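Here's the letter readout for the chains.
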Amino acid sequence: ARAARGQAGPGARPVSRHFRQYLDIFGRQVFTGPPENTRDHVLAAAKALMVGDWRKCASLILDLELWALVPGDGAGEATKEMLRGKIKAEALRTYLFTYSAYYESLSLSQLCVMFELDANIVHGLVSKMMINHELHASWNQPTSTIVLHKVEPTQRTKAR
């Protein structure tokens, strides 16, 4: 989601130029009705994911009729469950990227409830973000909270 907004970091994966163009056009629309085709569903889901709304994103993607076309017994359902987990994880990451500047601390249990993820998964994702310097924070182990550090942008990050 950061890369889609043009805020890619040093290790960020590239985003399709066409996808970015479609997302920009979709975002500039004055009125967006309900999605009518697969592309509209994907764009609306991406927009929901950019604000951390994983339920809307998952609903838009997983309610598509194409999952019935996946060959194999239960393969479509297994794929949908895997995608639901990945959507939750990316929504958590996006939420932290977007809103961490507004918090002094976050509760691990609250994040687990918000994104319906297991505490070990949330802890692992947040720790990985800290290790990769994507999130300037530290763990307060006794209270299971994430203490966020205020970091002023440097000249290098301002230039991006």
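Please refer to the structure placed before this passage.
Residues numbered from 1 in each chain as written. Predicted model: local features only at pLDDT ≥ 70, side-chain atom pairs only at ≥ 80, totals over all residues. Heavy atoms only, no water.

In this section: the sheet that holds strand S2 (residues 137–140). Taken together, three strands build an open sheet; the order of strands is S1-S3-S2 and the sheet is antiparallel. In this open sheet, the two edge strands, each paired with only one partner strand, are strand S1 (105–107) and S2. Taking each pair of neighbouring strands and ignoring which way they run, the sheet shows an average axis angle of 25°. Sheet analysis places S1 next to strand S3 (residues 145–148), joined by three bridges and oriented antiparallel. Directly across from serine 107, in S3, lies its bridge partner threonine 145. Relative to S1, helix H5 (residues 108–115) is tilted by about 60°, and along the sheet it contacts S1, S2 and S3. Helix H6 (residues 119–131) rests against S2 and S3 of the sheet, and its axis sits at about 140° to S2. (Pairing = 2+ DSSP bridges. Helix = DSSP H or I, 4+ residues; strand = E, 2+ residues; numbered from the N terminus. Axes fitted to C-alpha atoms, helices over the stretch in contact; angles between N-to-C directions. Contact = heavy atoms within 4.5 Å.)

With that settled, consider the side chain of threonine 145. Along the chain, the position of threonine 145 falls in strand S3. Judged by its relative accessible area of 16%, threonine 145 falls in the buried class. Side chain to side chain, threonine 145 and threonine 143 meet in a polar contact 2.9 Å long. Every residue in contact with threonine 145, bar those within four places of it in the chain, is listed here: Leu106, Ser107, Leu108, Ser138, Trp139 and Asn140. (Buried < 20%, exposed > 50% of the residue type's maximum accessible area, 1.4 Å probe, protein only. Polar contact = N/O pair within 3.5 Å; in protein donor to acceptor, adjacent residues only side chain to side chain.)

On to the pattern of salt bridges, then. In this structure the tally under the stated criterion is five salt bridges. Linking glutamate 116 and arginine 55 is a salt bridge whose minimum nitrogen-to-oxygen distance equals 2.9 Å. A residue pair is termed long-range when its members are at least 10 positions apart, and glutamate 116 in the loop between H5 and H6 and arginine 55 in helix H3 (residues 54–62) qualify at 61 residues. As a salt-bridge pair, glutamate 134 and arginine 93 come within 3.1 Å of each other at their nearest N and O atoms. Placement of glutamate 134 in the loop between H6 and S2 and of arginine 93 in helix H4 (residues 75–99) is noted, with a sequence separation of 41 residues between them. (Salt bridge = Lys/Arg side-chain N within 4 Å of Asp/Glu carboxyl O.)

Bringing helix H2 (residues 38–50) into the picture now. In this model, H2 (13 residues) spans 18 Å end to end at C-alpha, consistent with the 18 Å of a helix rising 1.5 Å per residue. By the burial criterion, the buried members of H2 are Asp40, His41, Leu43, Ala44, Ala45, Ala46, Ala48 and Leu49. Elements in contact with the buried residues of H2: helix H1 (17–28), H3 and H4. One side-chain oxygen at the N-terminal end of H2 lies 3.2 Å from the backbone nitrogen of arginine 39; it belongs to asparagine 37. Once H2 finishes, glycine 52 follows within two positions and takes phi at roughly 80°, a positive value. (Expected span 1.5 Å × (residues − 1).)

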